[in-house]
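# Descriptive analysis of the structure
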Amino acid sequence: ILWVCKSPYRKFHKRKNWFIEINTFEKSKQKTLKINEIEFKTTKASGPGGQHVNKTDSAVWATHKPSGIKVFVQDSRSQHQNKKLAIERLETAFQNNVIETLQKQNFDQWKSNTDIERGNPKRTFVGMNFKEK
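A short tour of the structure in this document, coming up. (Residues numbered from 1 in each chain as written. Predicted model: local features only at pLDDT ≥ 70, side-chain atom pairs only at ≥ 80, totals over all residues. Heavy atoms only, no water.)

Turning next to the pattern of salt bridges. In total, this model carries five salt bridges according to the counting rule given. With a shortest N-O distance of 3.9 Å, K41 and E39 are connected by a salt bridge. On the basis of relative accessibility, which here comes to 33%, the residue E39 falls in the partly exposed class. (Salt bridge = Lys/Arg side-chain N within 4 Å of Asp/Glu carboxyl O. Buried < 20%, exposed > 50% of the residue type's maximum accessible area, 1.4 Å probe, protein only.)

Structural data, given as structure tokens:
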């Protein structure tokens, strides 16, 4: 859009022709981690621990199906404790993924501001009342 007018915001500026680009952006939806979207698999833990390590499936793989984020936990000898830890770590990884996505969207919006094309306006407005020419 070309706006031909002395700017009320920059009163002593010589320029009269101001180019404005208008974009629309979708508002991102709040994403939450749902327990029913998590798939759990148990395996034998590795490392020291004696014969207990070889007998029980205490290590847990947790996978968030929609995003594909995976977490492996074998900190405790208890499968239930490892499952709780896996959910907590998966929540943290999921939130980090959401934050990275939002930062990328914000950067893309900011970058679009520097890509404004001057010249060849589609519409021209004149004066403070924005009357179309």
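Continuing now.
Another aspect to go through is the side chain of H64. Secondary-structure assignment places H64 in strand β4 (residues 59-64). For H64, the residues in contact, after removing those within four places along its chain, are L33, E37, I69, L90 and F94. (Helix = DSSP H or I, 4+ residues; strand = E, 2+ residues; numbered from the N terminus. Contact = heavy atoms within 4.5 Å.)

Pairing within the open sheet is mixed, and its four strands lie in the order β2-β1-β6-β7. Lying at the two open borders of the sheet, with one neighbouring strand each, are β2 (17-19) and β7 (131-132). Note that strand β1 (residues 2-4) and β2 share three bridges and pair antiparallel. Counted as the bridge partner of L2 is F19 from β2. (Pairing = 2+ DSSP bridges.)

Turning our attention to the sheet that holds β4. Spatial strand order, β3-β4-β5: three strands in an open sheet with antiparallel pairing. Of all the strands in the sheet, just β3 (38-43) and β5 (70-73) have a single pairing partner and so form its edges. Adjacent strand axes in the sheet meet at a mean angle of 15°, parallel and antiparallel pairs treated alike. Across six bridges, β3 lies against β4 in antiparallel orientation. Bridge pairing in β4 links E39 to T63. Sheet strands touched by helix α2 (residues 79-114): β3, β4 and β5. Its angle to β4, the strand with the most contacts, is close to 30°. (Axes fitted to C-alpha atoms, helices over the stretch in contact; angles between N-to-C directions.)

Burial within β4 is extensive, with five of its six residues counted as buried. As paired elements, β4 and β5 share four bridges and run antiparallel to each other. Within β5, the residue paired with T63 across the bridge is K70. Turn length for the β4-β5 hairpin, with the two strands adjacent in sequence and antiparallel, is five residues, and the turn residue G68 shows positive phi of about 80°.

Another point: α2. The terminal C-alpha atoms of α2, which comprises 36 residues, lie 53 Å apart, in line with the 52 Å expected from a rise of 1.5 Å per residue. Buried within α2 are the following residues: N82, A86, L90, F94, V98 and S112. Two or three places before H80, at the start of α2, stands the capping residue S78, its side-chain oxygen 3.3 Å from that residue's backbone nitrogen. (Expected span 1.5 Å × (residues − 1). Polar contact = N/O pair within 3.5 Å; in protein donor to acceptor, adjacent residues only side chain to side chain.)

The next thing to look at is a nonpolar patch on the surface. Together, I1, I20, I22 and F130 make up a nonpolar patch on the protein surface, roughly 350 Å² of accessible area in all. By the element assignment, I20 lies in the loop between β2 and β3. (Patch = residues over 30% accessible without salt bridge, like charges linked within 9 Å, V, L, I, M, F, W, Y side chains within 5 Å. Areas by Shrake-Rupley, 256 points an atom, 1.4 Å probe, with all protein chains shown as cover.)

It is a probe the size of a water molecule, rolled over the atoms, that shows where empty space is left. Empty space within the largest pocket amounts to approximately 250 Å³. Every residue lining the largest pocket is counted, 15 residues in all, and those nearest its centre are K29, Q30, K31, V98 and T101. The leading source of residues in the lining of the largest pocket is α2, at six residues. For the lining of the largest pocket, the per-class residue count stands at four nonpolar, eight polar and three charged. One number sums up the size of the second largest pocket: a volume of about 210 Å³. In this structure, the second largest pocket is lined by I1, F19, I20, E21, I22, I116, E117, G119, N120, P121 and K122. Partitioned by chemical class, the residues of the lining of the second largest pocket number six nonpolar, two polar and three charged. (1 Å grid on protein atoms, 1.4 Å probe; cavity = no way out; pocket = protein on both sides within 12 Å on 5 of 7 lines; lining within 4 Å. Points joined across faces, edges and corners; volume = space filled by probe spheres on them. Nonpolar A, V, L, I, M, F, W, Y, C, P; charged D, E, K, R; others polar.)

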